[in-house]
Amino acid sequence: MTKTLDKQQKITANILACMPPLHSLPPKLARPMFTLVDRLLGIPNTPLNNVKNISIATHDGRASLPLRIYYPNKSLTQNETTHAMMFFHGGGGVIGSLNSHDRLCRYLAQFSNVVIISVGYRLAPEHKFPTAIHDAIDAWNWLHNNKQTLALQNHHIGAAGDSAGAYLATLLSLTQTLNSRPIKVSTPPEFQYLLYPMVDLRGLTPSYLNAHKGMLLTKKLMDYFRKHFLVNLSQSEHAIVSPLLADDLHLLPTTYLLSVEHDPLKDSGIAFAQTLIAQGVSVTHEHFDDCMHSFISTYKVSQRAQQGVNQIAQQLKQLCST
C-alpha cells in the first residue's frame, strides 16, 4: 500500500509553493532560487580536506566546463578509495549547478568513500539539446584521459546523477543511441548510480499527468524544463531524449536506481528499472514510497529525508564495495 508523503516534506513543499514558483521565473532567476532552497533546507556542509576546482575545454574548443573533484577524508579505519564516480547534477537541464549539488557530493564522497567528479555542463535555454550531452561526453572522456593526474589510474569509474543528471549518466552507456553524435564515448562506465532519473520526456505517464501540487517537482515545472531544454517537443520521441525508448539496454552496467512515489518521474523510473532487469542488467532498484522528488533538499527539516540520504549513501557504498 502506498504511503502518504512524509509530513515534513509535504509542509516544506506547501510553504515553498507560497513563493513565486520556479516555472513562473526566467531560468536566470530560477537558478539561484533553486540553489538557495538547497542551502537553507538541504544537507549541511561536509568539510573535506581536498576539493579541486578545474576547467576543461570542450572537444571543439569553443567553451570550457567547470569540474569539481571531491576526495574523501581518510580515517584510521577507512581503506583507500577504489572507486570514482562522475556526477551530473539535476535541474531539468535548465537549472542546477556545481553549487546546487555541492553538499550532496561532499556527503556522498565522505560517507561512501568514493571520489566524485561533479560536472558543470551548459544549461538550456542558452544551450539547448544536445549541448548537455556533448558536454557530458567531453567531461567523461577527459576524466579517462587524465586518470593518472587525478590519482585515479587504479579506480573503477562509474557515472551518476539525479533527475536530468541521471539521464546524462545513462546516455554514456548507450553507445548505439549516441552514434550520430560528433564525439564518441571512449570507455563506457563500469557502474551507474541513478537517483529518480529523467528517462522519458514525453510526459504521458499517470504520475507525470497527475503531479499538480504538494511536491517540489510538478507537471508544470517539468513542462517548463521540456520547453527550455528541447528545440521542439517532438524530440522527446527519440531514445536520445527518452532513454526508456531505446531498443537495446542490455549492455548497461551494474546499476543502482532510486525511484520515489511522489514524483512526476516515478512511473518512467520504475519502468526503466524493470526494463533493465528484464534485459539482464544487474539492478538494485529501491523505491521510497513516502518521499518526493528532490527530498534531499529537505534534509534539515525532515527526519525521513535524513534517513533517505543515509540510505542512498549506504547503497553507493555497497555498489562500490565490489
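As a reminder, the structure under discussion sits directly above these lines.
In this text the structure is predicted, and so the values were computed from the model without any measurement.

S.K.: I tried to follow the packing of helix 4 (residues 131-145) against helix 5 (residues 164-171) on my own but got confused; where do I start?
M.R.: Packed helices, taken two at a time, are described by the angle between their axes plus the distance between the axes. Between helix 4 and helix 5, the least distance of the axes is 10 Å, while the angle of their chain directions is 60°. Between helix 4 and helix 5, the interaxial angle falls into the category oblique. The chirality of how helix 4 crosses helix 5 is right-handed. Counting all contacts with helix 4, which are made through Ala 132, Ile 133 and Ala 136, the residues of helix 5 involved are Tyr 167, Leu 168 and Leu 171. Its residues assigned to classes, the contact of helix 4 with helix 5 comprises six nonpolar, no polar and no charged.

S.K.: Is there a simple way to explain the packing of helix 3 (residues 102-112) against helix 9 (residues 303-319) in this structure?
M.R.: Between helix 3 and helix 9, whose axes approach to 9 Å, the crossing angle comes to 50°. Judged by the inter-axis angle, helix 3 sits oblique to helix 9. Seen from above, helix 3 lies across helix 9 with right-handed handedness. Counting all contacts with helix 3, which are made through Tyr 107, Leu 108, Phe 111 and Ser 112, the residues of helix 9 involved are Val 309, Asn 310, Ala 313, Gln 314, Leu 316 and Lys 317. A per-class count over the contact of helix 3 with helix 9 returns six nonpolar, three polar and one charged.

S.K.: Help me out: how do you make sense of the nonpolar core in this one?
M.R.: Note on soluble globular proteins: their nonpolar side chains tend to be buried together. Grouped together as the largest cluster of nonpolar side chains are 69 residues, with contacts concentrated most on Phe 88, Ile 117, Ile 133, Phe 229 and Phe 272. Sorting elements by how many residues they give to this core places helix 4 first, with seven residues. Core analysis: the next-biggest nonpolar cluster, separate from the first, contains 32 residues, Leu 48, Cys 105, Ala 160 and Leu 258 among them.

S.K.: Honestly, the sheet that holds strand 6 (residues 191-195) in this entry has me stumped. Any pointers?
M.R.: Strand pairing within a sheet occurs via backbone hydrogen bonds; the two strands may be parallel or antiparallel. With mixed pairing, eight strands are arranged side by side in an open sheet as 1-2-4-3-5-6-7-8. Of all strands in the sheet, those with a lone pairing partner are strand 1 (50-57) and strand 8 (283-292), marking the two edges. Neighbour-to-neighbour, the strand axes of this sheet turn through a mean angle of 20°, independent of strand direction. As paired strands, strand 3 (residues 83-88) and strand 5 (residues 156-162) are joined by six bridges and run parallel to one another. For Phe 88, the partnering residue across the bridge sits in strand 5 and is Gly 161. Seen against the sheet, helix 4 touches strand 1, strand 2 (64-71), strand 3, strand 4 (115-119) and strand 5 and runs at an angle of roughly 155° to strand 5.

Parameters and conventions
- Residues numbered from 1 in each chain as written.
- Predicted model: local features only at pLDDT ≥ 70, side-chain atom pairs only at ≥ 80, totals over all residues.
- Heavy atoms only, no water.
- Axes fitted to C-alpha atoms, helices over the stretch in contact; angles between N-to-C directions.
- Helix = DSSP H or I, 4+ residues; strand = E, 2+ residues; numbered from the N terminus.
- Parallel < 35°, antiparallel > 145°, perpendicular 65-115°, else oblique.
- Left-handed = near helix turned anticlockwise from the far one by under 90°.
- Contact = heavy atoms within 4.5 Å.
- Nonpolar A, V, L, I, M, F, W, Y, C, P; charged D, E, K, R; others polar.
- Core = buried A, V, L, I, M, F, W, Y, C linked by side-chain atoms within 4.5 Å.
- Buried < 20%, exposed > 50% of the residue type's maximum accessible area, 1.4 Å probe, protein only.
- Pairing = 2+ DSSP bridges.

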